[in-house]
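Fold and geometry: a report
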Amino acid sequence: MKTNKVINYFILYLLIAVTGMVYYTKFKQFIVLGFLLSLIIFIIKKEKFDKYFFTLLLIITFVHLGQFIFTKLFTLQTYIGLYIRIGFAYFVIKILKEKFFSYYVNILFFFSIISLIIWTLCFIPGLPEYCINNLCIPPLFHYETNYLYSIGPNIIIYNFGSFDEVDYFIGFLNRNCGPFWEGGAFGGFLVLAIIFNTITEAKFLNKKNIIFIISLISTFSVTAYIALLILILGKLLYEKKKYILLLPIALSVSLYLFFNLNFMKNKIENDINTEAESGRVASRSLSAQLDFQTFLKNPIFGIGRNEAAEFDDLNDLETMHRNNGLSLFLKDYGIFIFFFYFYFIYRGLKAYCIINNFDVKFSLVAIFCIILIGYSETYYMRNYFIALPIYFFFLKNNLFYKQVALEKLK
């Protein structure tokens, strides 16, 4: 039983790792490894395929066909890569079953504690430089770097990337990236952990959430801050409606902080200067504007992930740069995939609330926050985030959860 638990934790860790941990994300080899390992465990456990899995693959194939008709581009490697990601996510769900969210919370709790310890120690003068120069682990596979995105110096369990560059919007502090590609990405994963843990424990204020909130604060991610504020306010409003008067006040304070905190003002000014000097798309708002213009060319199916469908010069990294995950997802896969993706995440969260005897209205706040964090990071077609809408179908088809939840879900 203990061995089985270790295997389950490891396979979920690998799914999270290839989604956002800096040591893994640049290498498709880890995704293939995760897919094969999860498939082997799936077979050993004698799990069975569900009809909805094949339905999902057919829908994705149909969307790819629509993209091909529009773009006249067929990239087999890209299509196969997506099927592998979907398969990896599906197998992990079937392996972990009802533990899929709670194990995620435990993994993020472990990395939150580790990250806070290392981040705090890095206030010791000279320690970050020593770690970067002597302890960091080189990539396992060959990697062709570029000046826009590179693998930050890391020890697998922690990314020292923010200590290795001039952090223009923090000043004397550095962002806590955890093991993820940047502080903002870590913030988004922590928002998920807070959501899942709140539902699992059926209360917001608990030991793990306190650690998650402290870790989130140390990321200096304004998007994560706003998501956290919305979660807190949403919980208060559902519990005590008299707190509704706090909502406009909180929104006003959020907007003031967003535009007046020194590190946020510097960040916005830096993005504007970068765009003016180099032509690079640095701000999320400009990225969203350009993505939406492209989306309108094929709003049903999207244009796909082949950059040749949008850009003539594939070496012009400045012009090709996009960093708004929400608009990028809409542009790549069209309005229907975009809508149903978030709809089924919402249904899954609602089912999970019912199963844990928690207020289902919290799922509305949660899905809003999941949409919000994607505005600043490109999450949605990464492995763990692919699993989120699929998890609803597992809950719907699992006999135990059918007895508990299905009637209430109608």
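Described below are features of the structure shown in this document.

Turning next to the overall build of the protein chain. The secondary structure content of the protein chain amounts to 17 helices and 0 strands. Relative to its 410 residues, the protein chain shows a buried fraction of 52%. Counting contacts in the protein chain only where the partners sit at least 6 residues apart, residues at least 24 apart contribute 73% of the total. Here the protein chain displays about 20,000 Å² of accessible surface, and carbon together with sulfur accounts for 66% of that area.

We now examine unusual backbone geometry. Of note, Ile-156 is a non-glycine position whose phi angle comes to about 70 degrees, a positive value. On the secondary structure map, Ile-156 appears in the loop between helix H6 (127-134) and helix H7 (183-201). For Phe-220, which is not glycine, the phi dihedral falls at a positive 55 degrees. Within the fold, Phe-220 resides in the loop between helix H8 (207-218) and helix H9 (222-239). By relative accessible area, which is 14% here, Phe-220 ends up buried.

It is worth spelling out the pattern of salt bridges at this point. For the structure shown, the criterion picks out 5 salt bridges. For Asp-50, the salt bridge goes to Lys-94, with nearest N and O atoms at 3.0 Å. A residue pair is termed long-range when its members are at least 10 positions apart, and Asp-50 in the loop between helix H2 (28-44) and helix H3 (51-71) and Lys-94 in helix H4 (residues 76-96) qualify at 44 residues. By relative accessible area, Lys-94 is classed as buried at 9%. Note that Asp-359 and Lys-361 form a salt bridge whose closest N and O atoms lie 3.2 Å from each other. Overall, the relative accessible area of 37% leaves Lys-361 in the partly exposed class. Three or more residues joined by partner-sharing salt bridges are found here, namely Asp-291, Lys-331 and Asp-332.

The next subject is the side chain of Gln-67. Note that Gln-67 resides in helix H3. Polar side-chain contacts of Gln-67 include one of 2.9 Å to the backbone oxygen of Asp-332. Apart from the residues within four sequence positions on either side, Gln-67 is in contact with Lys-72, Tyr-79, Asn-298, Phe-301, Gly-302, Ile-303, Gly-304, Asp-332 and Tyr-333.

Time to look at the packing of H3 against helix H14 (residues 325-355). Packing of H3 against H14 leaves a shortest axis separation of 10 Å and a crossing angle of 130 degrees. With respect to H14, the axis of H3 lies oblique. For the pair H3 and H14, the sense of crossing is right-handed. When H3 is examined against H14, the residues Ile-59, Ile-60, Val-63, His-64 and Gln-67 are found in contact with a partner set consisting of Asp-332, Tyr-333 and Ile-337. Considering only residue class, the contact of H3 with H14 consists of 5 nonpolar, 2 polar and 1 charged.

In this fold, Val-360 is placed in the loop between H14 and helix H15 (362-373). Taking the C-alpha atoms as reference, Val-360 lies 8.1 Å from Leu-349; in sequence the two are 11 residues apart. Residue contacts for Val-360: discarding those within four places in its chain leaves Lys-350, Cys-353 and Ile-354.

Each full turn of the α-helix corresponds to 3.6 residues, which orients residues three or four apart in the same direction. Along its 17 residues, H2 runs 24 Å from first to last C-alpha, staying within 8% of the 24 Å computed at 1.5 Å per residue. Those residues of H2 lying buried are Phe-30, Ile-31, Gly-34, Phe-35, Ser-38, Ile-41 and Phe-42. Relative to the axis of H2, the buried residues are bounded by an arc of 140 degrees and lie together on one face. Across from the buried face of H2, at angles greater than 90 degrees, the exposed residues are Lys-28, Ile-43 and Ile-44. Buried residues along H2 sit against helix H1 (2-20), H4 and helix H16 (383-397). At the exit of H2 stands Lys-46, carrying a positive phi of roughly 60 degrees.

Moving on: the packing of aromatic side chains. Counting across every chain of the model gives 61 aromatic pairs. Seen from their ring centres, Phe-109 and Phe-212 are 6.2 Å apart, and the 90 degrees between their planes marks the pair as edge-to-face. Residue Phe-109 is located in helix H5 (residues 100-121), and its partner Phe-212 is located in helix H8; the two are separated by 103 residues in the primary sequence. The burial state of Phe-109 is the same as that of Phe-212; both residues are buried. Ring geometry for Phe-329 against Tyr-341: centres 4.8 Å apart, planes inclined by 70 degrees, an arrangement best described as edge-to-face. One Lys or Arg, Lys-208, reaches over the ring of Phe-109 and ends 5.8 Å from the middle of that ring.

About the thresholds
- Residues numbered from 1 in each chain as written.
- Predicted model: local features only at pLDDT ≥ 70, side-chain atom pairs only at ≥ 80, totals over all residues.
- Heavy atoms only, no water.
- Helix = DSSP H or I, 4+ residues; strand = E, 2+ residues; numbered from the N terminus.
- Buried < 20%, exposed > 50% of the residue type's maximum accessible area, 1.4 Å probe, protein only.
- Contact = heavy atoms within 4.5 Å.
- Areas by Shrake-Rupley, 256 points an atom, 1.4 Å probe, with all protein chains shown as cover.
- Salt bridge = Lys/Arg side-chain N within 4 Å of Asp/Glu carboxyl O.
- Polar contact = N/O pair within 3.5 Å; in protein donor to acceptor, adjacent residues only side chain to side chain.
- Axes fitted to C-alpha atoms, helices over the stretch in contact; angles between N-to-C directions.
- Parallel < 35°, antiparallel > 145°, perpendicular 65-115°, else oblique.
- Left-handed = near helix turned anticlockwise from the far one by under 90°.
- Nonpolar A, V, L, I, M, F, W, Y, C, P; charged D, E, K, R; others polar.
- Expected span 1.5 Å × (residues − 1).
- Arc of directions from axis to C-beta.
- Phe/Tyr/Trp six-rings, centres within 6.5 Å; stacked < 30°, edge-to-face > 60°.
- Lys NZ or Arg CZ within 6 Å of the ring centre and 35° of its normal.

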